[in-house]
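Report on the structure
Take a look at the letters that make up each chain.
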Amino acid sequence: MKKNSVAAAALAALLLSGCARTADPTPVWQTDLPVTGVHIELSGAELLSDAPVLYAHTREDSARNHYLDMPAVQAEGAPVVTFYGVTAEDISLVFLESIGDLYVDYDRVKPQVELDYRLTQGDDSVSYRLDTAYNFEFTVKTQQGSDTLLVVSRRSDITG
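Now for a description of the structure that goes with this document. (Residues numbered from 1 in each chain as written. Predicted model: local features only at pLDDT ≥ 70, side-chain atom pairs only at ≥ 80, totals over all residues. Heavy atoms only, no water.)

On to the overall build of the protein. When helices and strands are tallied, the protein shows two helices and 11 strands. Listing every helix and strand of the protein by position from the N terminus yields α-β-β-β-α-β-β-β-β-β-β-β-β. For the protein, the proportion of its 160 residues judged to be buried stands at 37%. Considering only contacts in the protein between residues 6 or more positions apart, those separated by 24 or more positions represent 60%. For the protein, the computed accessible surface area is about 9,600 Å², with 52% contributed by carbon and sulfur atoms. (Helix = DSSP H or I, 4+ residues; strand = E, 2+ residues; numbered from the N terminus. Buried < 20%, exposed > 50% of the residue type's maximum accessible area, 1.4 Å probe, protein only. Contact = heavy atoms within 4.5 Å. Areas by Shrake-Rupley, 256 points an atom, 1.4 Å probe, with all protein chains shown as cover.)

Spelled out as structure tokens, the structure:
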């Protein structure tokens, strides 16, 4: 009996330590956004690509072949996107719908804090942990103007 309770306690500790793991804060990608100059980093995931992707503002634009090349990062896992020198009020998020290799704004539903992402605000930074398998469009607005970056999250641990 005692062996079973020790084994159960060890298993519970192992499971809890796995749940308590935090994302590796080491950046796998970083840049300064071209218009605003805001520094951005991606961590906690494997970087798959930082090549631009095809993007359309609306489904109607996509039907008319009105595409843009949009700056993007693609990552495997649950990336943490950190912006420096801005507040959460300077950043807006929109879901992205993928249609093949094309990404389109999905503005019918807004991303929700604690449901679709975790928001952490530091003294000079704002971080978004993307725990879901959704794709996001981040727009940063400052007095210098605005920048948009797409973050495409792949999750091999989530099957559809």
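Right, let's talk about the side chain of Ser 153 for a bit. Mapped onto the secondary structure, Ser 153 falls in strand β11 (residues 145-154). With a relative accessible area of 5%, Ser 153 lands in the buried category. Sequence-distant contacts of Ser 153, that is, excluding residues within four places in its chain, are made with Ala 75, Gly 77, Pro 79, Leu 130, Thr 132, Ala 133, Tyr 134 and Asn 135.

On to unusual backbone geometry. The phi dihedral of Asn 65 falls on the positive side, at around 60°, and the residue is not glycine. By secondary structure assignment, the location of Asn 65 is in the loop between α2 (59-63) and β4 (68-70). At Glu 114, a residue that is not glycine, the phi angle is positive and equals roughly 70°. Structurally, Glu 114 can be placed in the loop between β7 (102-106) and β8 (118-121). A relative accessible area of 48% places Glu 114 in the partly exposed class.

Time to look at the nonpolar core. Ranked by internal contacts, the top residues of the largest apolar core, which has 24 residues, are Val 81, Phe 83, Ile 91, Tyr 128, Leu 130, Phe 138 and Val 151. Those elements that provide at least two residues to this core are β2 (39-49), β5 (72-84), β6 (91-99), β9 (125-129), β10 (135-142) and β11. In contact with Val 151, other than residues within four places in its own chain, are Leu 42, Val 73, Pro 79, Val 81, Leu 130, Asn 135, Phe 136 and Phe 138. Counting eight residues, the second largest nonpolar core, distinct from the first, contains Val 53, Ala 72, Leu 150 and Val 152. (Core = buried A, V, L, I, M, F, W, Y, C linked by side-chain atoms within 4.5 Å.)

Pairing of β6 with β10, which is carried by six bridges, proceeds in the antiparallel orientation. When the bridges of β10 are listed, Val 94 appears paired with Glu 137. As defined by bridge partners, β6 adjoins β7 across five bridges and the pair is classed as antiparallel. Residue pairing for β7: Phe 95 is matched across the bridge by Tyr 106. In this antiparallel pair of consecutive strands, β6 and β7, the connection spans two residues, and Gly 100 shows a positive phi of 65°. (Pairing = 2+ DSSP bridges.)

Remember, this is a structural readout, not a statement about activity or role.
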